[in-house]
Amino acid sequence: MKMGKKVTIGVCVMEKKVKCGSEAFSGPMLQILERLQAFGEFEIVHFGDKVILEEPIERWPVCDCLIAFYSSGYPLEKAEAYAALRKPFLVNELGQQHLLHDRREVYERLEMFGIPVPRYALVNREFPNQELDYFVEEEDFIEVHGNKFWKPFVEKPVHGDDHGIMIYYPSSAGGGMKELFRKVGNRSSEFHQEVRRVRREGSYIYEEFMPTGGTDVKVYTVGPEYAHAEARKSPVVDGVVMRNPDGKEVRYPVLLTPMEKEISREICIAFQQAVCGFDLLRSEGRSYVCDVNGWSFVKNSYKYYDDAACVLRKMFLDAKAPHLSSTIPPILPWKVNEPVQPSEGLTRQGSGIIGTFGQSEELRCVIAIIRHGDRTPKQKVKLKVTEEKLLNLMLKYNGGRPRAETKLKSAVQLQDLLDATRILVPRIRPGRESDSEAEDIEHAEKLRQVKAVLEEGGHFSGIYRKVQLKPLKWVKVAKNNGEGEDEKPVEALMILKYGGVLTHAGRNQAEELGRYFRNNMYPGEGTGLLRLHSTYRHDLKIYSSDEGRVQMSAAAFAKGLLDLEGQLTPILVSLVSKDSSMLDGLENASSEMEEAKARLNEIITSGIKSVNINPEKPWMVDGAGVHPNASELLPELVKLTKKVTEQVRLLAKDESEELAEASSTGVILPYDQAKALGKTNIDVDRIAAGLPCGSEGFLLMFARWRKLQRDLYNERKERFDITQIPDVYDSCKYDLLHNAHLNLEGLDELFKVAQLLADGVIPNEYGINPKQKLKIGSKIARRLLGKILIDLRNTREEAISVAELKSAQDINPSVPNGGREEIDQRFKSQSKMELAGKGSFTSEKSMDQEDDEDKETKYRLDPKYANVKTPERHVRTRLYFTSESHIHSLMNVLRYCNLDESLQGEDSLVCDSALERLCKTKELDYMSQIVLRLFENTEVALEDPKRFRIEMTFSRGADLSPLEGNDSEAASFHQEHTLPIMGPERLQEVGSCLTLEMMEKMIRQFAMPAEDFPPPSIPQGFSGYFSKSAAVLERLVNLWPFNKH
């Protein structure tokens, strides 16, 4: 090549790929080619569609380097022939581009190069709907060649150009399917509640659904040594594309781990594509590649355009003009006389939080423990069954073991039970004149109730109905082959639990509280946590107990917090982690709770007035809060309950007569699948027709009240059961809010009496005095308290390491900033990995410290792009959704921990005025929450305990006063069926300072120690990488030469 001659670059691409308005090239392509031209070493030749499609290759322009890639309508074979003829330097090899059209080939190639892909299986069909013997589909999983894929799983067409990808959800989360597609306007996915079966018209890849916390990472390579990554909101969450003010999809730059940089390198080499885009899923500390797209450029990133032009220039010169120096000039030629580049279109947010001590405080951590939203009353039906059909059903699902109990939860199982019950329920009630015993009538009533519950809502979802069958009696029967005997159950106890479903009001409350948090819990963040930004500047995790109502409350809250749209099922699967060991269950405190209930029964029924009244601290007595005339209120409660029950009975009688007429003609109402879950609004038609709210019919409403009436007072033994008081109160509250339109007489009075009694019963069930409350509370909330301490300690350690690195940087400013910040990130993840390395290699998905740490580095904003006060810092948010018992328990430990022998003389964590308010707050209602916020005062020395301050607030949740009032406000709530949520109240005096050190000292002994949490699980792929020293990491950073501009 002659000395002065320019290197020619041929652009042999379809025009639509390089056009942008009237210009010849698309945005990124134009930007990069302009920069290449500015170096003055290249001449760019554009082929154009006419030449590519119509001219023979011999007449195509000759060039030194060729940019050529496939898009629809592109003659790839023709381009290959041209390359063979002229032998230019190819940026992306042409032969390998055929692979990218077939997802099977892509996965095969990735595996061949040892690049991690999700667990997957192929289903190949030669013609539509071909039956395959190796493919089995069940309700909640599919099986391919004996490989099971439980829902949620992903279904992808094998052809790379077909973007119709589906995700199928398990019935436990409400079922349904989400269809992902190429962006259309503002949507990138659509949820179909009714679709349960997979497609059968073509060949598909099935793979495990990876929980990624609702974000996708897209990586763009320019040669094997350079990769730019950015994240966007995953279409999986709600399918709404986030756009910035200019209408472009919002994306955030992300730091790749050394492991991911290695993956980028391997992909360039495996597919021989220097410029290549691919998708990464970051899930539980590992990274997987789920798609390789071939040629693609980043949109709207000037830094990337600069880097890409420099990398391509070096590539072209090394290949065709090695005599020219490829070192980069100190000032890039296109920047010589250019004004400052406009910044990227990210809505920027600072995180300088103004605490009560002025500018120097920054918010570090928000921990909230939240009760679920408004629900329907929880119900239980118990009956002894001897029917052959039901006993056989029990054996069918417990593996034929005569003494084993069975749980029926899935749709298939419940449908079986319904079919059996429909046959057993007598069609027409026996008339009063028959000499049928009362017991038979009651048995038939209960079976009818079971049938009504199973038919309710018309669609099974294990999220809110379950049946237990426990064998009680057995007989010996001869074996079929005549040798020996077998046992056979002849009687079983059937327990049906239902109800307790989140109502439309509960969903609205949770979503509203999520919005409140976004706007008020994060001071200094402007509009609070905006959309996906939370996943970078804020590291968010949401945990929930196993109960459907709690999971759905968590999903609805996340929807409000992150401003998501659409159905709750996909949000639940993407963002909420279940941890029942921490947020469910009272087993280990049951004996103490029984003791408390027995003592409470004495206090209430004997009518003893509390003697040792302590006027200073009324909360210190036994049975604080019990109404002085409780024993006189009980008969009143029974009388009013009877009055209400009788009215509901008459309503149910009319309904059952209509049903009997309908069933005698054999008409069974059709199932309505969509009704079961996820109602956000009131069913106006039902209410106008004078029916109960939600899916409850009068028969079930009567069953609910009749059971309360029977259980509350035993007429034969003349005995009250005070444990029923909370249930009566619960039912009253529900009917006052949701069924006011039925105008039940006496319901208001019943509510007032039940409330007076319940206010004394409920708080005392968790301990009759502060010491017992502390004992029971620490047993129930032990694990949760342990996790909260871990969250706070992790935040403190991270903040300290950032502060130390910052001061080191101030001393040694020679470290280039970009590199240093990357090292900071690396160094943190490395030290955490080293700590974690002491754990064992278990794959158990434990919810422990390290597991948290491992994922903490998940999505941080690349500091080079963030103009925040301290870019390496981020706010940690941990949300725990649970039930009433855990809120009471946690609150009791926080306020009474100083009563423990070992802490004598310490003040309570909660100030006296707050203790008094709490004593008056009898009920921690729906959506009540306890919030701990950790602030760091950056002006104070690192070793000073005052550097980390905790602020505690609580809210008692839904406000009942509208139910008690008769004003216009009350009327509007009656119309909406939704109660407002009370704002947070302080638990400390204004200006007081509760240090993290003090908090730890006070609650450490009631919390599960960190070392007792299950051992951490480190993905094997990561272990080697992070055991390197900081110096090695620094070298790794320096290998990526273009990261520094």
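What you are looking at is a predicted structure, and each value in this text was computed from that prediction instead of being measured.

Parameters at a glance
- Residues numbered from 1 in each chain as written.
- Predicted model: local features only at pLDDT ≥ 70, side-chain atom pairs only at ≥ 80, totals over all residues.
- Heavy atoms only, no water.
- Pairing = 2+ DSSP bridges.
- Helix = DSSP H or I, 4+ residues; strand = E, 2+ residues; numbered from the N terminus.
- Axes fitted to C-alpha atoms, helices over the stretch in contact; angles between N-to-C directions.
- Buried < 20%, exposed > 50% of the residue type's maximum accessible area, 1.4 Å probe, protein only.
- Contact = heavy atoms within 4.5 Å.
- Expected span 1.5 Å × (residues − 1).
- Bend = angle between axes of the 7 residues up to and from the residue.
- Parallel < 35°, antiparallel > 145°, perpendicular 65-115°, else oblique.
- Left-handed = near helix turned anticlockwise from the far one by under 90°.
- Core = buried A, V, L, I, M, F, W, Y, C linked by side-chain atoms within 4.5 Å.
- Patch = residues over 30% accessible without salt bridge, like charges linked within 9 Å, V, L, I, M, F, W, Y side chains within 5 Å.
- Areas by Shrake-Rupley, 256 points an atom, 1.4 Å probe, with all protein chains shown as cover.
- Salt bridge = Lys/Arg side-chain N within 4 Å of Asp/Glu carboxyl O.
- Lys, Arg positive; Asp, Glu negative; His and termini not counted.
- Charge placed at Lys NZ, Arg CZ, Asp CG, Glu CD.
- Phe/Tyr/Trp six-rings, centres within 6.5 Å; stacked < 30°, edge-to-face > 60°.
- Lys NZ or Arg CZ within 6 Å of the ring centre and 35° of its normal.

### Section: the sheet that holds strand 21 (residues 406-408)
And then number 1: On the basis of which strands lie adjacent, the open sheet formed by four strands has the order 20-23-22-21 and antiparallel pairing. Single-partner strands in this sheet number two, and they are strand 20 (378-385) and strand 21. Here the strands of the sheet are splayed against their neighbours by 25° on average, with no regard to which way each runs.
And then number 2: Here three bridges tie strand 21 to strand 22 (residues 465-478), and the two strands are oriented antiparallel to one another. Counted as the bridge partner of lysine 407 is glutamine 468 from strand 22.

### Thoughts on helix 13 (residues 568-575)
Two residues of an α-helix separated by three or four positions point the same way, owing to the 3.6 residues in each turn.
And then number 1: Taken across its eight residues, helix 13 has eight buried, putting it largely inside the fold.
And then number 2: Of the positions making up helix 13, those classed as buried are Leu568, Thr569, Pro570, Ile571, Leu572, Val573, Ser574 and Leu575.

### Examining the sheet that holds strand 1 (residues 7-11)
And then number 1: Read across the sheet, four strands follow the order 2-1-3-4 without closing on themselves; strand pairing throughout is parallel. The strands lining the two open edges of the sheet, one partner per strand, are strand 2 (42-46) and strand 4 (89-90).
And then number 2: Note that strand 1 and strand 2 share five bridges and pair parallel. In the sheet register, glycine 10 faces strand 2, and the bridge partner there is valine 45.
And then number 3: Along the sheet face, helix 2 (residues 27-38) touches strand 1, strand 2 and strand 3 (65-67) and points at about 145° away from the line of strand 2.

### With respect to helix 20 (residues 747-765)
And then number 1: Compared with the 27 Å implied by 1.5 Å per residue over 19 residues, the 25 Å span of helix 20 between its first and last C-alpha is a close match.
And then number 2: Of all the bends in helix 20, the largest measures some 35° and sits at alanine 758.
And then number 3: Of all the 19 residues making up helix 20, 15 are buried; the element is thus mostly covered by neighbouring parts of the structure.
And then number 4: Directly beyond the C-terminal end of helix 20, a positive phi value near 130° is found at glycine 767.

### Overview of the packing of helix 19 (residues 725-738) against helix 20
And then number 1: Running from amino to carboxyl end, helix 19 crosses helix 20 at an angle of 135°, the nearest separation of the two axes being 8 Å. When the axis of helix 19 is compared with that of helix 20, the two are oblique. In this structure, helix 19 meets helix 20 at a crossing whose hand is left-handed. Of the residues in helix 20, those in contact with Ile725, Pro726, Val728, Tyr729, Cys732, Lys733, Asp735 and Leu736 of helix 19 are Leu747, Asp748, Leu750, Phe751, Ala754, Gln755, Leu757, Ala758, Val761, Ile762 and Glu765.

### Focus on the side chain of serine 545
And then number 1: In this fold, serine 545 is placed in the loop between strand 24 (538-544) and helix 12 (548-561).
And then number 2: If sequence neighbours within four positions are ignored, serine 545 has contacts with Val550, Gln551, Lys578, Asp579, Leu583, Asp584 and Phe881.

### As for the pairing of strand 22
Moving residue by residue along a regular strand, the side chains alternate between the two faces of the sheet.
And then number 1: The pairing of strand 22 with strand 23 (residues 485-499) spans 13 bridges and is antiparallel. Its bridge partner being in strand 23, leucine 469 is matched across the sheet by methionine 494.
And then number 2: Hairpin geometry of strand 22 and strand 23 is characterised by an intervening segment of six residues between the two adjacent antiparallel strands and by a positive phi of about 80° at glycine 482.

### Comments concerning unusual backbone geometry
And then number 1: Cis geometry marks the peptide bond from lysine 151 to proline 152; its omega dihedral reads 5°.
And then number 2: For methionine 927, which is not glycine, the phi dihedral falls at a positive 65°.
And then number 3: Along the chain, the position of methionine 927 falls in the loop between helix 26 (912-920) and strand 29 (929-937).

### Comments concerning the nonpolar core
And then number 1: Counting 48 residues, the largest nonpolar core has Leu909, Met952, Met999 and Ile1003 as the members making the most contacts within it.
And then number 2: Where this core is concerned, the elements lending two or more residues are strand 19 (361-371), helix 14 (580-583), helix 22 (782-811), helix 25 (884-896), helix 26, strand 29, strand 30 (948-955) and helix 29 (996-1003).
And then number 3: Residues in contact with leucine 909, not counting those within four places in the same chain, are Leu894, Cys897, Met952, Leu987, Gln988, Leu994, Met999, Met1002 and Ile1003.
And then number 4: Within the second largest apolar cluster, 43 residues are counted, among which are Val154, Phe209, Met521 and Leu879.

### Focus: a positive patch on the surface
And then number 1: On the surface, Lys378, Lys380, Lys382, Lys407, Lys409, Lys466 and Lys497 cluster together to form a positively charged patch.
And then number 2: Ranked by residues supplied to the positive patch, first place goes to strand 20 with three residues.
And then number 3: Looking at the element boundaries, lysine 382 is found in strand 20.

### Thoughts on the packing of aromatic side chains
For any pair of aromatic rings, geometry is given as the distance between the ring centres together with the angle between the planes.
And then number 1: For the structure shown, the criterion picks out 22 aromatic pairs.
And then number 2: Arranged with centres 4.7 Å apart and planes meeting at 75°, the rings of tyrosine 107 and tyrosine 120 form a pair that is edge-to-face. Here tyrosine 107, found in helix 5 (residues 103-112), pairs with tyrosine 120, found in strand 5 (residues 120-123); they are 13 residues apart in sequence, far enough to count as distant.
And then number 3: Overall, the relative accessible area of 19% leaves tyrosine 120 in the buried class.
And then number 4: Centroid distance phenylalanine 153 to tyrosine 168: 5.5 Å. Interplanar angle 45°. Geometry classified as tilted. Of the two residues, phenylalanine 153 is situated in strand 9 (residues 153-157) and tyrosine 168 in strand 10 (residues 165-168); the sequence distance between them amounts to 15 residues.
And then number 5: Its relative accessible area of 0% is what places phenylalanine 153 among the buried residues.
And then number 6: For tyrosine 168, a relative accessible area of 1% translates into the label buried.
And then number 7: Taken together, the aromatic side chains of Phe69, Tyr226, Trp295, Phe297, Tyr304 and Tyr305 make up a single cluster linked through ring pairs.
And then number 8: Lying across the ring of phenylalanine 135, arginine 125 places its NZ or CZ 5.5 Å from the centre.
And then number 9: One Lys or Arg, lysine 733, reaches over the ring of tyrosine 926 and ends 4.9 Å from the middle of that ring.

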